Amino acid sequence: MDIKDVLQINDDLKRNEELYNIFDEEKRLLSKAGQVEKITTLREISKLINKDSKILDIGAGTGVYSIPLAEEVCEVVAFEPASNNYKQLFAKAKDKNLKNIIVENKSSLEMDDLDNKYFDVVLLFGPMYHLSNEKDRIETLMQAKRVVKDDGYILVSYINHDMVPMTETKFDSNFFESPLYVSDKQRLINKPFIFFTLNECIKMLEKENLSIIRKIGSSGFSEILGKRIDEMSEVSYQRYLDWHLNHCDKEELLGASNHYLFVCSK
């Protein structure tokens, strides 16, 4: 199955399953440019955890966050619905002999068995990329609120609708003629990923009575400047990271990032 076939799948979980058979999430974050999002996200998480923390990682992918966090906290529970990603995550945990991580081949809609107010931090880094139905997004946020402690944190990632066309135009000068873009509505087609504007993200979280503590452009300019960032010397790269980390929460720059990260509390 290729990407054109994946785009024809309407069921979110089935589309997600097939997408990660051809899309290498692990590779996406390996380059210097790709590392920007990971470094930024881990920095935000590190502010909220200690050795006694319990973390729930929903949509854990191949363990980009679950694995390093398991080495720093008391317990990690990781849910990943895509079989290919789940197998890689499970293998990593086994190879590292991590005894404090539980890996489940489950989605964000299968949290019913988790205990109330058990986790210090809940990570929702995959669900809002793939849940096309509002009721499923609401259910995911409600369950996250249920399982997090009263003084805990919920971190949610989104793909920025308004920056993606700019990034795609870097690769295809005629992207605005693509069937993935609806010109009369100035909207992207929500396949294979689901896209939201900044205001849509904020309204979604506030509607579920989540308090937004921080809004972060986690990838910043890294996708549109990817080639240049990858060519940077180590000195330039470290200076770029310093600049990014000190500017990624500036309101005037949020819209330039392909990925948003919201740090929330109940």
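Since we're looking at a predicted model, the values are computed, not measured.

A.B. asks: Please explain the overall build of the protein chain as it appears in this structure.
C.D. replies: In terms of helices and strands, the protein chain carries 12 helices and 10 strands. For 266 residues, the compact-globule formula gives about 18 Å, and the C-alpha radius of gyration of the protein chain, at 18 Å, lands near that figure. When the backbone C-alpha atoms are referred to their principal axes, the protein chain occupies close to 50 × 45 × 40 Å. Residue pairs in contact within the protein chain that sit at least 24 positions apart in sequence constitute 75% of those at least 6 positions apart.

A.B. asks: Where do I start with empty space enclosed by the protein in this structure?
C.D. replies: Where empty space is left in the structure can be found by rolling a water-sized probe over the atoms. Under the counting rule described, the total for this entry stands at 1 cavity of 30 Å³ or more. Counted as a void, the largest cavity has a volume near 70 Å³. In terms of lining residues, the largest cavity is bounded by Gly217, Gly220, Phe221, Trp243, His244, His247, Cys248, Leu253, Leu254 and Ser257. Of the residues forming the lining of the largest cavity, the biggest block, 3 residues, is contributed by helix H12 (residues 234–247). Here the residues of the lining of the largest cavity are counted per class, giving 5 nonpolar, 5 polar and no charged.

A.B. asks: Sorry if this is basic, but what is going on with the pattern of salt bridges here?
C.D. replies: It is possible for side chains of opposite charge to pair when their charged atoms get near one another. Applying the stated criterion to the full structure yields 17 salt bridges. Between Glu234 and Lys32 there is a salt bridge, with its nearest N and O atoms 3.3 Å apart. Of this pair, Glu234 sits in helix H12 while Lys32 sits in helix H4 (residues 32–46), placing them 202 residues apart in sequence. A salt bridge links Asp52 to Lys51; its shortest N-O distance comes to 3.6 Å. What makes Lys51 exposed here is its relative accessible area of 62%. Among the charged side chains, a network of salt bridges with common partners joins Arg43, Glu44, Lys47, Arg214 and Asp249.

A.B. asks: Just checking my understanding: could you explain the packing of H4 against H12 for this structure?
C.D. replies: Geometrically, a packed helix pair is captured by the angle between its two axes and the distance between the axes. Contact geometry of H4 with H12 gives a least axis separation of 11 Å together with a crossing angle of 45 degrees. Of the possible angle classes, the one that applies to H4 and H12 is oblique. In this structure, H4 crosses over H12, and the sense of that crossing is right-handed. Here Lys32, Gln35, Val36, Ile39, Thr40 and Arg43 of H4 come into contact with H12, specifically with Glu234, Tyr237, Tyr240, Leu241, His244 and Leu245. Grouping the amino acids of the contact of H4 with H12 by side-chain chemistry returns 6 nonpolar, 3 polar and 3 charged.

A.B. asks: Just to check I follow, could you spell out the environment of Leu19 for this structure?
C.D. replies: Within the secondary structure, Leu19 is located in helix H2 (residues 12–22). Residues Leu19 and Phe195, 176 residues apart in the sequence, show an inter-C-alpha distance of 16 Å. Excluding its chain neighbours within four sequence positions, the residues that come into contact with Leu19 are Ile3, Val6, His130, Pro192 and Phe193.

A.B. asks: Can you help me understand the nonpolar core in this one?
C.D. replies: Core analysis: the biggest nonpolar cluster contains 29 residues, and Leu56, Val122, Tyr158 and Phe262 have the highest contact counts within it. Residue assignment for this core shows that the elements contributing at least two residues are strand S1 (54–58), strand S2 (75–79), strand S4 (119–124), helix H8 (134–147), strand S5 (148–160), helix H10 (198–207) and strand S10 (259–265). In terms of residue count, H10 provides more of this core than any other element does, 5 residues in total. Of all hydrophobic cores here, the second largest spans 27 residues; its members include Ile45, Tyr65, Leu123 and Leu261.

A.B. asks: Sorry if this is basic, but what is going on with the side chain of Glu75 here?
C.D. replies: Note on placement: Glu75 falls in strand S2. There is no salt bridge for the buried Glu75, and the closest opposite charge comes from Lys54, which lies 4.7 Å off by N-O distance. Polar contacts involving the side chain of Glu75 include one to the side chain of Tyr118, which spans 2.7 Å. Contact partners of Glu75, with chain neighbours within four places excluded, come to Ser53, Lys54, Ile55, Asn100, Ile102 and Tyr118.

A.B. asks: Looking at this structure, how should I read the pairing of S1?
C.D. replies: Here S1 lies mainly inside the structure; 4 of its 5 residues are buried. Inspection of the sheet shows S1 paired to S2 by 5 bridges, in the parallel sense. By the bridge assignment, Ile55 is partnered in S2 with Val76. Alignment of S1 against S4, held across 4 bridges, turns out to be parallel.

Cut-offs and rules
- Residues numbered from 1 in each chain as written.
- Predicted model: local features only at pLDDT ≥ 70, side-chain atom pairs only at ≥ 80, totals over all residues.
- Heavy atoms only, no water.
- Helix = DSSP H or I, 4+ residues; strand = E, 2+ residues; numbered from the N terminus.
- Rg over C-alpha atoms; globule rule 2.2 N^0.38 Å.
- Contact = heavy atoms within 4.5 Å.
- 1 Å grid on protein atoms, 1.4 Å probe; cavity = no way out; pocket = protein on both sides within 12 Å on 5 of 7 lines; lining within 4 Å.
- Points joined across faces, edges and corners; volume = space filled by probe spheres on them.
- Nonpolar A, V, L, I, M, F, W, Y, C, P; charged D, E, K, R; others polar.
- Salt bridge = Lys/Arg side-chain N within 4 Å of Asp/Glu carboxyl O.
- Buried < 20%, exposed > 50% of the residue type's maximum accessible area, 1.4 Å probe, protein only.
- Axes fitted to C-alpha atoms, helices over the stretch in contact; angles between N-to-C directions.
- Parallel < 35°, antiparallel > 145°, perpendicular 65-115°, else oblique.
- Left-handed = near helix turned anticlockwise from the far one by under 90°.
- Core = buried A, V, L, I, M, F, W, Y, C linked by side-chain atoms within 4.5 Å.
- Lys, Arg positive; Asp, Glu negative; His and termini not counted.
- Polar contact = N/O pair within 3.5 Å; in protein donor to acceptor, adjacent residues only side chain to side chain.
- Pairing = 2+ DSSP bridges.

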